[in-house]
Each structure stands twice: as structure tokens, then as C-alpha cells.
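One letter stands for each residue in the lines below.
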Amino acid sequence: MFDDRNTTDGAGGATTTSEPPTRPGLLRTLAHRLAGDADVLPVEGHLPSFDGATGWLNSEPLTPQGLRGRVVLVDFWTYTCINWLRTLPYLRAWDAKYRNLGLTMIGVHTPEFGFEHNVDNVIAQSRTFGVDYPIALDNDYGVWQAFANHFWPALYIADAEGRIRYHHFGEGEYVMAEMVVQQLLLEAGADGIDPDLVSVEPDGFEVAADWRSLRTPETYLAYGRSAGFASPERPRFNEPQTYPEASRLSLNEWAPSGTWTLAQHAAVLNEPGGRIAFQFQARDVNLVMGPSGRETPVRFRVLLDGKAPGGAHGFDVDDQGNGTLADQRLYQLIRQPGRIGEGRFEIEFLDVGAEAYCFTFG
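These numbers were taken from a predicted model, which means no experiment stands behind them.

I tried to follow helix 2 (residues 88-98) on my own but got confused; where do I start?
Spacing of three or four residues puts side chains on the same side of an α-helix, whose turn is 3.6 residues. Here helix 2 has its buried residues at Leu-88, Pro-89, Leu-91, Ala-93, Trp-94, Asp-95 and Tyr-98. In the core, the buried residues of helix 2 are packed alongside strand 2 (71-77), helix 1 (82-85), strand 3 (103-109), helix 3 (119-129), strand 5 (154-158) and helix 5 (174-187).

Hey, could you run me through the pattern of salt bridges in this one?
Two side chains bearing opposite charge may form a pair once their charged atoms approach each other closely. All chains considered together, the criterion is met by 21 salt bridges. Measuring nitrogen to oxygen at the nearest pair gives 3.1 Å for the salt bridge that ties Glu-346 to Arg-275. In this pair, Glu-346 sits in strand 16 (residues 343-349) while Arg-275 sits in strand 11 (residues 275-280), placing the two residues 71 residues apart along the sequence. We classify Glu-346 as buried; its relative accessible area is 8%. Its relative accessible area of 22% is what places Arg-275 among the partly exposed residues. For Arg-344, the salt bridge identified is with Glu-346, shortest N-O distance 3.8 Å. Residues joined in a network through salt bridges with shared partners are Glu-245, Arg-275, Arg-301, Arg-344, Glu-346 and Glu-348.

What's the story with the packing of aromatic side chains in this structure? I'm lost.
Think of a pair of aromatic rings as described by two things: how far the centres are apart, and how the planes are tilted against each other in angle. Taken as a whole and assessed by the stated rule, the structure comprises 31 aromatic pairs. Ring centres of Phe-147 and Tyr-156 lie 5.1 Å apart, and the angle between their planes is 55 degrees; this geometry places the pair in the tilted category. On the basis of relative accessibility, which here comes to 0%, the residue Phe-147 falls in the buried class. In this structure Tyr-156 comes out as buried when scored by relative accessible area, which is 1%. Judged by centre distance (5.2 Å) and plane angle (80 degrees), the ring pair of Phe-229 and Trp-254 falls under edge-to-face. Linking Phe-229 in the loop between strand 7 (219-220) and strand 8 (241-243) with Trp-254 in strand 9 (residues 254-262), this pair joins segments that are 25 residues apart in sequence. Owing to a relative accessible area of 1%, Trp-254 belongs among the buried residues under this scheme. Aromatic ring contacts, followed pair by pair, group Phe-50, Trp-56, Phe-76, Tyr-141, Trp-144, Phe-147, Phe-151, Trp-152, Tyr-156 and Phe-169 into a single cluster. Directly above the ring of Tyr-220 sits Arg-225, whose terminal nitrogen or CZ lies 3.8 Å from the centroid. Between Arg-329 and the ring centre of Tyr-331, over which it is positioned, the NZ or CZ distance is 3.8 Å.

Can you walk me through empty space enclosed by the protein in this structure?
Rolled over the atoms, a probe sized like a water molecule indicates the empty space that remains. For the coordinates displayed, the defined rule picks out four cavities of 30 Å³ or more. Taken as a whole, the largest cavity holds about 120 Å³ of empty space. Forming the boundary of the largest cavity are 14 residues, of which Thr-87, Leu-155, Gly-170, Gly-172 and Tyr-174 lie nearest the centre. Elements with a contribution of two residues or more to the lining of the largest cavity: helix 2, strand 5 and helix 5. For the lining of the largest cavity, the element with the most residues is helix 2, which contributes three residues.

I tried to follow the packing of helix 2 against helix 5 on my own but got confused; where do I start?
For any two helices packed against each other, the geometry is given by the interaxial angle and the distance between the axes. Closest axis-to-axis distance for the helix 2/helix 5 pair is 12 Å, and the angle between their directions is 20 degrees. Overall, the two elements helix 2 and helix 5 adopt an arrangement that is roughly parallel. You can see that helix 2 and helix 5 cross each other, and the crossing is right-handed. Contacts between helix 2 and helix 5 involve Tyr-90, Trp-94, Lys-97 and Tyr-98 from the former and Tyr-174, Ala-177, Glu-178, Val-181, Gln-182 and Leu-185 from the latter. Considering only residue class, the contact of helix 2 with helix 5 consists of seven nonpolar, one polar and two charged.

Would you take a moment to explain the pairing of strand 14 (residues 322-325) for this structure?
The side chains of a regular strand alternate between both faces of the sheet. The alternating pattern of strand 14 places Gly-323 and Leu-325 on a buried face, while none of Asn-322 and Thr-324, on the opposite face, is buried. As paired elements, strand 13 (residues 298-304) and strand 14 share four bridges and run antiparallel to each other. Along strand 14, the bridge assignment pairs Val-298 with Leu-325.

I would appreciate a short explanation of the sheet that holds strand 2 in the present structure.
Where strands meet in a sheet, backbone hydrogen bonds hold them as pairs that are either parallel or antiparallel. With respect to topology, six strands assemble into an open sheet ordered 1-4-3-2-5-6, the strand pairing being mixed. Only two strands of the sheet have a single neighbouring strand rather than two, namely strand 1 (55-57) and strand 6 (164-169). Taken over all neighbouring pairs, the strand axes of this sheet differ in orientation by 20 degrees on average, direction set aside. Relative to strand 3, strand 2 runs parallel, the two being bridged by seven bridges. Each residue of the ladder has a partner; that of Val-71, found in strand 3, is Leu-103. Contacts between helix 5 and the sheet are confined to strand 2, strand 3, strand 5 and strand 6, with strand 5 contributing the most and set at about 15 degrees to the helix.

I tried to follow the side chain of Glu-171 on my own but got confused; where do I start?
Turning to its location among the elements, Glu-171 is positioned in the loop between strand 6 and helix 5. At a separation of 2.9 Å, a polar atom in the side chain of Glu-171 contacts the side chain of Asn-83.

Any chance you could explain the environment of Phe-280 here in plain terms?
Mapping Phe-280 onto the fold places it in strand 11. Among all residues touching Phe-280, those that are not within four sequence positions of it are Thr-216, Leu-251, Val-285, Leu-304, Gln-336, Gly-341, Glu-342, Gly-343, Arg-344, Phe-345 and Phe-361.

Is there a simple way to think about the environment of Asp-159 in this case?
Structurally, the position occupied by Asp-159 is in the loop between strand 5 and strand 6. A sequence separation of 113 residues divides Asp-159 from His-46, and the C-alpha atoms of the two residues are 9.4 Å apart. Setting aside anything within four residues of it in sequence, one finds Asp-159 in contact with Arg-70, Val-71, Arg-165 and Leu-184. In this structure the side chain of Asp-159 is engaged in a polar contact, spanning 3.0 Å, whose partner is the backbone nitrogen of Glu-161. A distance of 2.9 Å separates a polar atom in the side chain of Asp-159 from a polar atom in the side chain of Arg-165.

Rules behind the numbers
Residues numbered from 1 in each chain as written. Predicted model: local features only at pLDDT ≥ 70, side-chain atom pairs only at ≥ 80, totals over all residues. Heavy atoms only, no water. Buried < 20%, exposed > 50% of the residue type's maximum accessible area, 1.4 Å probe, protein only. Helix = DSSP H or I, 4+ residues; strand = E, 2+ residues; numbered from the N terminus. Contact = heavy atoms within 4.5 Å. Salt bridge = Lys/Arg side-chain N within 4 Å of Asp/Glu carboxyl O. Phe/Tyr/Trp six-rings, centres within 6.5 Å; stacked < 30°, edge-to-face > 60°. Lys NZ or Arg CZ within 6 Å of the ring centre and 35° of its normal. 1 Å grid on protein atoms, 1.4 Å probe; cavity = no way out; pocket = protein on both sides within 12 Å on 5 of 7 lines; lining within 4 Å. Points joined across faces, edges and corners; volume = space filled by probe spheres on them. Axes fitted to C-alpha atoms, helices over the stretch in contact; angles between N-to-C directions. Parallel < 35°, antiparallel > 145°, perpendicular 65-115°, else oblique. Left-handed = near helix turned anticlockwise from the far one by under 90°. Nonpolar A, V, L, I, M, F, W, Y, C, P; charged D, E, K, R; others polar. Pairing = 2+ DSSP bridges. Polar contact = N/O pair within 3.5 Å; in protein donor to acceptor, adjacent residues only side chain to side chain.

Structure below.
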């Protein structure tokens with residue numbers, strides 16, 4: 001779930017410099033290099049302030065000065081982001097392994113969708129996902145801007161002197177990131193570091209995507225960001241419109257049917273029975289969605305190639321494709337076993353009041 005809000009790259013706005021190595025470290029095993037070359041980890045600037053945070057969970061407010069002497073891993077996330085969810089098993093494992101050896105993890109929750117600004121939602125989802133390290137609530141994007149960040153997820157690792165030494169945007173690079181943590185802990189004088197890397201057993205949303213079969217990108221349904229809209233009827237924005245069913249869709253095209261309002265934040269269902277069809281190729285189909293009001297759950301049903309999904313159902317529906325919207329969050333609707341090909345996904349909402357934000361795939 002990458003974002004283009006800022007045009008300035010880097011961390012803290014500083015130019016990249018390097019310093020000579022201080023002691024042998026684990027990263028020396030990564031590659032050969034010429035004798036006398038600079039340390040493999042550059043200095044990318046200094047840890048910015050967290051003053052822009054609008055609140056904190058699991059911790060009192062933290063500052064770069066108060067964190068001196070500890071290695072700091074800063075992770076930008078938002079709880080509906082599938083890319084972040086697939087990194088989460090590693091974040092939890094690193095916190096468990098290295099917290100008592102000198103690592104402080106800080107999750108900066110910078111919301112993408114309006115409902116993610118709700119602190120109660122963040123508390124509930126952080127408990128669901130087992131995020132018990134400090135969380136900086138970044139509803140006003142103050143911390144995001146201090147880091148000149150523009151990605152979810154984004155990882156920044158600072159040494160015990162408050163210097164940023166490594167960053168990574170998106171999923172992956174888990175081995176490198178953990179080795180950086182180990183290296184910086186060694187530089188800080190930590191003892192008893194087990195050089196073996198963590199082993200994780202992801203489940204649910206946290207399972208890595210099947211990249212070999214994945215051919216469908218993240219797709220927003222709000223009119224300002226949507227791509228792949230293929231209804232026979234031209235869209236109308238911010239007002240109800242009745243759309244006919246699209247009999248055929250090409251790969252990565254989607255279309256609503258029934259009465260919908262394509263709003264700036266989401267596609268909003270105006271009458272019961274509305275559907276969204278999507279021609280896709282992926283193992284998983286996920287959808288950020290929810291009821292307009294917390295007091296009015298919305299029943300829905302999903303189909304795969306015109307049939308109940310059976311063994312291909314996601315964990316938020318049963319084998320007949322039935323599910324209920326009770327919260328605004330990410331829902332897993334399809335997880336296909338075996339060989340993956342192109343298919344047609346449909347979701348029908350049996351009650352009024354559904355809001356659909358963004359499809360993601362895995």
C-alpha cells in the first residue's frame with residue numbers, strides 16, 4: 001500500500017555519509033569488499049522527533065533523546081494495509097527476541113482511511129494483531145512528515161546514538177533488517193545475541209502473497225483513485241446511480257451493479273442487493289470495507305466463478321460465501337488452494353449501508 005504524498009526522499013532530510021567501522025559485526029558476512037572501505041551501514045541522518053504524534057498506546061511519549069543508548073526500529077503502518085500485515089510476524093518476533101537486549105520498536109500508525117483515525121479502532125486492531133510494543137498515533141501526519149516518509153509499510157532503524165543506519169520500504173528484506181538490528185546491538189555493546197534469525201509461522205492475513213500467480217494489483221473503489229472501472233454505464237460521482245450488471249470483464253476490471261454512490265472516500269451502497277464484480281488472478285481476494293454505522297451490520301455473500309467458494313473461501317466467510325460486515329476493516333474473502341488461474345469474483349450485499357474502499361490481493 002504505497003503512497004505518493006511526499007516528493008522528498010530520505011529519512012530526516014540529511015545527506016548520506018559514512019563512518020569507519022567500530023568493531024567486527026555480522027554484516028561483514030554479507031559480501032566481500034575492499035580493505036579500507038567504509039562500514040557497510042551508512043549514516044542516513046538522525047532520528048526525527050515524535051512530537052507530531054497525536055497520542056501514544058502501550059507507552060508514555062518517547063523522544064530521540066530519551067531513546068539514546070537503545071537501538072530503535074520505527075515502523076510506519078496502518079491497520080488495513082495488507083503489505084504491512086504480511087510483515088507483522090517478523091516485527092513481533094524481533095520485539096520478543098531483542099527487546100531485553102536493547103531494541104525499542106515503535107509502530108507509527110498513520111491512517112489512510114477516515115475510520116482509521118478512530119483511536120478505539122486502532123486499539124481493537126492492535127490487540128487483534130498482537131501489537132504490544134509502543135504505538136505513536138499519527139492522525140495528523142506529523143511524524144510521517146518529520147521522517148519525509150511516503151510508504152506503508154516503511155522501516156527505519158537507528159543506532160544507539162540516534163543515527164538512522166538503514167531503511168526499507170514495502171515487504172521483504174527480513175534477513176537484512178534483522179542482521180542490521182543485530183549489528184547495531186553489537187555496536188552498542190549488547191551481549192548474548194543469538195545470531196540465528198527468527199523463524200515465523202504466519203497465518204491468516206500474515207501469509208506471504210503467492211507472487212508467482214499474482215497478476216492483479218491493489219484497486220481503490222473511491223472515484224478519486226479508482227482504476228479498472230468497466231461498467232456499461234458511465235460513472236456518476238457523489239450521487240446515487242443505478243448500474244447494470246457487466247456480463248464480461250477483462251482481467252483487472254471491476255464493475256458495480258445495483259444502486260451505488262461513488263464517493264471520494266468509498267463506493268457506498270444505497271439499496272440492498274448491490275454487487276461488485278472483479279475479474280482477477282490471485283490466490284487471495286481481500287476487501288477493505290465496513291458498515292456505514294457500527295449499529296447496523298451488513299450481510300454479504302461472495303461467489304467465485306458464479307458459485308459458492310467452497311474450499312476457496314477466506315476466513316471472513318463460510319464455504320457458502322456468507323459473511324457479515326460488523327467493523328470497518330480488511331476482510332479476507334477468497335483464499336484459493338492449488339493452481340491459480342484467472343477468475344471472476346463477486347460480492348453481493350444483502351443489506352443497505354455497505355462501504356467498499358479498496359481491493360487487495362495476495
